[in-house]
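Each chain, written out:
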Amino acid sequence: MKDGPNLTRTPPAKGGFRLGRRASRAIWLATLLVPPALLFLTFVVYPMISALVYSLYEWRGISRLGFYGLENFRTLLFDQPWQAWTINAFWHNVVVFVTLMVVQNAVALVLALILGSNPRGSRFYQVVFFLPVTLALVLVGFQWKLFLNPMFGVVNKLLDALSQGIERLVGLQVDLSQPWLGQESTALVALILVNAWRWLGFPTIVFLAGIRSIPHEYFEAARLDGANEWQVARHVTWPLLAPAVTIIVILTFIGSFNWFDLPYVMAGLDGPPGKSTDVLGLYFYRTAFGEVSGGLQNFGQGSALAVLMFLFILVVSVVWTRALRSREVELQ
Amino acid sequence: MMAKSTTKRLLLITLVLSLVGFGLAQTKLTFWSWRTEDVDEYNEIIAGYEAEHPGVDIEFQAYETSTYQTVLSAALSAGEAGDIVHVRAYGNFETIADFLLPLDDQVPALADFPRLALDGERRRSDGRVYAVPFASQTLVVYYNTDIFSELGLAPPETWDEFLSTAQTIKDNGYIPLANGTATTWMNEVFMGVFGPNFYGAEFFDDIMAGEADFTDARFTGALEKLLELRPYMTPDFEGIDYATAQNLFANGLAAMFAGGSWEIANFRDLNPDLNFDLMPGPAAEAGQPQLVSWFLDGGYAVNAASPNQEEALEFVRFLATQEFGQQLTDMLQNISPIPGVVSTDPLLAKVAELNQTSTPYIMLVGFRYETPSGSVMMQERLPGMFAGEITPEQVGSEVTEGIATYFAPFQN
């Protein structure tokens, strides 16, 4: 009996059949796994496959015409003016990523190192830095759009006061106030800085958690051996922070290349002025769903663009994650 | 037993018949639109129609303006859109024309509509009209009558008068022209307000016939003239967006605003105490007519997949009547293209009068059908031109080059 099948343990259900433990476990697992799997298939896999299929057809507006091969991709990459638009938008995504790495993540790392040494009020600053992350993005966008308004905005008011101060002190005539969002030279940078302002708290907290998880003895040992603060940071904290760096780099990369919401709210669908704030997300939206001033919307080209973006982000993320992971091992 | 089941059967038949009868009596139609701000007025108009057409129940459904085109096109292709749909004109309309019923043989009143209005809802491939034109827009200059009378100014009629008027306003501490260049589509409007008086009434036809392109001196000369307005626009105009410009004018900080006839209602909403009037863009020389840009805003169409086409068509025929046009004008401050409609509002009446000397709003009417649209090409270059980074000649040749990718007359 002892070695026999495990049937007697569960009393048989009334008039029903009895299930083995293995089977009931399988059913249990299935009830847990099937709904999310179905959701994933319906809302992730199916749209991805249909986007791929759409991208291979010719479209007139929303009507699908014949099979088109790779023509949509060719148009986007090699025909004018699409090629210029694609390169312009892609380049801006690159600028966004690089700038965010420098002004957002590097600053976050410095802040985390400072907060990690538990100065007075570190809890308070932790909350302050994280606060903008919790604000709704549309709110942040509109608020900064007002701040940057050349007529009423607080930014230019401060810069005007600063310019006057400089003039009075040094006698140098300067005008620091600018129509930030209206100039091709400043619009993208202004948007990136607003993005950094909003997200700064997130990498800070991730880095800080990484620093706090490093056993305290390591720091003590290093200091006993006579290491100064820079050496501790360089040779103890930095290598052990590698997993957090990996996460932040990859998330920033994906976020930068999917950037849509903030430029949409603050600048607009067509990346004004003169496409200087255009990024792939906005370009995709305009192409697939149309814009009031545009020509026909084109699902095929839009889907092709989405496929290109997806492949680029996927390949780079996978390759880069691997590289960063092996770097983590090397550093440790 | 037998009697009972007969009774039952009779009851059932009565029930079914009454349901069918109810269904017949109450044909339910849905009417989709982007005019979220006009819901009450449309419901009132519809209630009047329903009173005269018992058995038809029309529900007006308004969707958010900026996503309406996307929602509508997706719903039409899935066969789920309303029976009657409010559609835009020109290129935006052609995107969805496959899913609409041709109306020219169904709505006799269309025969009396102005040709230019019908062209906005005409599909170029078959020449048929798919929607009843509902309102037109005209591009004008608004001016603050209080500021003008304070400074003793009269509405300028020529370009030189316009510039000297603007200078006087500036000297007295007001912003002469509220406009900025930060909102892309407003740049095209800006050109539409001032451009026609320099490129002239024949230019549109010359372009469409391929006898001229946008490198033509008439067009680049008009662009060049816009640059003379820079000193009179809001300071740091590069960063002034549409909403800011509207507010500067509505709150009396700026004396003039170049924009579309749709702003009449906006300014009244923003500041009910604002005293303002409108005028056409100034003529190049004294004695020339003052031309305004004109375009059709949209129309009412019937979904080809509607199960109640006859009822929907009947309603759309009503939307083409003078009775409806008058209601639309009186209640919604729209300028109806329906013949015989007279506006009692003095500003709307003025717009209707200006429409007598109008020319098509060039890029919207002619070049929003294909990509790259003439509008996008213009809009993305004008901020650079205002900033002095590219010349009007460069704008003209790049726009021509872009349009030439699909417009045969430009290709030789």
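Residues numbered from 1 in each chain as written. Chains lettered and ligands numbered in written order. Predicted model: local features only at pLDDT ≥ 70, side-chain atom pairs only at ≥ 80, totals over all residues. Heavy atoms only, no water.

A. Quick look at the interface of chain A and chain B. The interface of chain A with chain B comprises 32 residues on the first partner and 39 residues on the second. Linking chain A to chain B there are 2 salt bridges. Linking chain A with chain B are 5 residue pairs in polar contact (both at pLDDT 80 or more), by the criterion used here. For the side of chain A that touches chain B, the elements supplying multiple residues, two or more each, are α3 (82-116) and α13 (280-289) of chain A. Taken together, the residues that form the side of chain A that touches chain B break down as 14 nonpolar, 12 polar and 6 charged. (Contact = heavy atoms within 4.5 Å. Salt bridge = Lys/Arg side-chain N within 4 Å of Asp/Glu carboxyl O. Polar contact = N/O pair within 3.5 Å; in protein donor to acceptor, adjacent residues only side chain to side chain. Helix = DSSP H or I, 4+ residues; strand = E, 2+ residues; numbered from the N terminus. Nonpolar A, V, L, I, M, F, W, Y, C, P; charged D, E, K, R; others polar.)

B. Looking closely at the nonpolar core. All names here are of chain B. Core analysis: the largest hydrophobic core is formed by 87 residues, its most contacted members being Phe194, Phe214 and Met256. At 6 residues, the largest contribution of residues to this core is made by helix α8 (residues 184-194). With 52 residues, the next largest nonpolar core counts Tyr42, Ile96, Ala97 and Val341 among its residues. (Core = buried A, V, L, I, M, F, W, Y, C linked by side-chain atoms within 4.5 Å. Buried < 20%, exposed > 50% of the residue type's maximum accessible area, 1.4 Å probe, protein only.)

C. Region of interest: the pattern of salt bridges. All names here are of chain B. Per the stated rule, a full pass over the model turns up 29 salt bridges over all chains. Across the pair Asp216 and Arg218 runs a salt bridge whose closest N-O atoms are separated by 3.2 Å. A salt bridge links Glu310 to Arg317, with the nearest nitrogen and oxygen atoms 3.8 Å apart. A residue is classified by how much of its surface remains accessible, and Arg317, at 22% relative accessible area, is partly exposed.

D. Unusual backbone geometry, seen in detail. In this structure, Pro273 of chain A follows Pro272 of chain A across a cis peptide bond, with omega equal to -10 degrees. Inspection of the secondary structure puts Pro273 of chain A in the loop between α12 (261-266) and α13. A cis amide bond, omega 0 degrees, links Thr371 of chain B with the succeeding residue Pro372 of chain B. Among the secondary structure elements, Pro372 of chain B is positioned in the loop between α17 (362-366) and α18 (374-386). A positive phi angle, close to 65 degrees, is found at Lys275 of chain A, a residue other than glycine.

E. Molecular detail of the packing of helix α11 (residues 242-257) of chain A against helix α14 (residues 299-331) of chain A. Residues and elements named next belong to chain A. Closest axis-to-axis distance for the α11/α14 pair is 9 Å, and the angle between their directions is 170 degrees. Between α11 and α14, the interaxial angle falls into the category roughly antiparallel. Regarding α11 and α14, the two cross each other, and that crossing is right-handed. Contacts between α11 and α14 involve Ala242, Pro243, Val245, Thr246, Val249, Ile250, Phe253, Ile254 and Phe257 from the former and Met309, Phe312, Ile313, Val316, Ser317, Trp320, Thr321, Leu324, Arg325, Arg327, Glu328 and Leu331 from the latter. Broken down by class, the residue content of the contact of α11 with α14 amounts to 15 nonpolar, 3 polar and 3 charged. (Axes fitted to C-alpha atoms, helices over the stretch in contact; angles between N-to-C directions. Parallel < 35°, antiparallel > 145°, perpendicular 65-115°, else oblique. Left-handed = near helix turned anticlockwise from the far one by under 90°.)

F. Structural detail: helix α12 (residues 242-250) of chain B. Residues and elements named next belong to chain B. The buried count for α12 comes to 7 of 9 residues, which makes it a mostly enclosed element. For α12, the complete set of buried residues consists of Tyr242, Thr244, Ala245, Gln246, Leu248, Phe249 and Ala250. Each element contacted by the buried residues of α12 is listed here: β4 (132-144), β5 (175-177), α8, β6 (254-260), α13 (263-270) and β7 (276-279). Downstream of α12 by one or two residues, Gly252 has phi in the positive range, about 75 degrees.

G. Seen up close, the environment of Met186 of chain B. All names here are of chain B. On the secondary structure map, Met186 appears in helix α8. For the pair formed by Met186 and Ala258, sequence separation is 72 residues and the distance between their alpha carbons is 9.1 Å. In this structure, Met186 is in contact with Asn179, Tyr242, Phe257 and Ala258, ignoring residues within four places of it in sequence.

H. Spatial organisation of the domain arrangement of chain B. Residue and element names in this part refer to chain B. Examined at the domain level, chain B breaks down into domain 1 (24-134 + 297-353) and domain 2 (137-294 + 358-410). If you average the C-alpha positions of domain 1 and of domain 2, the two centres end up 29 Å apart. Here domain 1 meets domain 2 over a buried area of about 1,500 Å², counting both sides, of which 62% is carbon and sulfur. In terms of surface lost to domain 2, no three residues of domain 1 exceed Tyr90, Leu347 and Val351, which account for 40% of the buried area on that side. Across the contact surface, domain 1 and domain 2 share 3 salt bridges. Two residues, Arg124 and Glu370, come together in a salt bridge whose shortest N-O distance is 3.8 Å. (Domains from an automatic or database assignment. Buried area = accessible area lost by both parts, 1.4 Å probe.)

I. Region of the structure containing the packing of aromatic side chains. Within this structure, the stated rule accounts for 69 aromatic pairs over all chains. With a centroid separation of 5.7 Å and 75 degrees between ring planes, the pair formed by Tyr300 of chain B and Phe324 of chain B is classed as edge-to-face. With Tyr300 of chain B in strand β8 (residues 292-302) and Phe324 of chain B in helix α15 (residues 322-332), the pair connects residues that are 24 residues apart, well separated along the chain. Across the pair, exposure class does not vary: Tyr300 of chain B and Phe324 of chain B are buried alike. Over the face of the ring belonging to Trp199 of chain A we find Arg198 of chain A, whose NZ or CZ atom lies 4.7 Å from the ring centre. Directly above the aromatic system of Trp34 of chain B lies the positively charged group of Arg88 of chain B, at a separation of 4.1 Å from the ring centroid. (Phe/Tyr/Trp six-rings, centres within 6.5 Å; stacked < 30°, edge-to-face > 60°. Lys NZ or Arg CZ within 6 Å of the ring centre and 35° of its normal.)

J. Broad picture of helix α16 (residues 346-354) of chain B. Residue and element names in this part refer to chain B. Every buried residue of α16 is listed here: Leu347, Leu348, Val351 and Leu354. For α16, the buried positions fall inside an angular range of 115 degrees around the axis, keeping them on one side. Facing away from the buried surface of α16 by more than 90 degrees, the exposed residues are Pro346 and Glu353. Where the residues of α16 are buried, they touch β4, α13, β7, β8, α15 and β9 (358-360). At the N-terminal boundary of α16, the capping side chain belongs to Asp345, with an oxygen 2.8 Å from the backbone nitrogen of Leu347. (Arc of directions from axis to C-beta.)

K. Molecular detail of a negative patch on the surface. A cluster of acidic residues, Glu157, Asp160, Glu161 and Glu285 of chain B, forms a negative patch at the surface. Assignment of secondary structure puts Glu157 of chain B in the loop between α6 (145-150) and α7 (159-171). (Patch = residues over 30% accessible without salt bridge, like charges linked within 9 Å, V, L, I, M, F, W, Y side chains within 5 Å. Areas by Shrake-Rupley, 256 points an atom, 1.4 Å probe, with all protein chains shown as cover. Lys, Arg positive; Asp, Glu negative; His and termini not counted. Charge placed at Lys NZ, Arg CZ, Asp CG, Glu CD.)

L. Representation of the side chain of Thr184 of chain B. Tracing the backbone shows Thr184 of chain B in helix α8. Here Asp270 of chain A takes part through its side chain, which lies 3.2 Å from a polar atom of the side chain of Thr184 of chain B. Non-local contacts of Thr184 of chain B, meaning those with residues more than four positions away in its chain, are made with Asp270 and Pro272 of chain A together with Gln379 of chain B.

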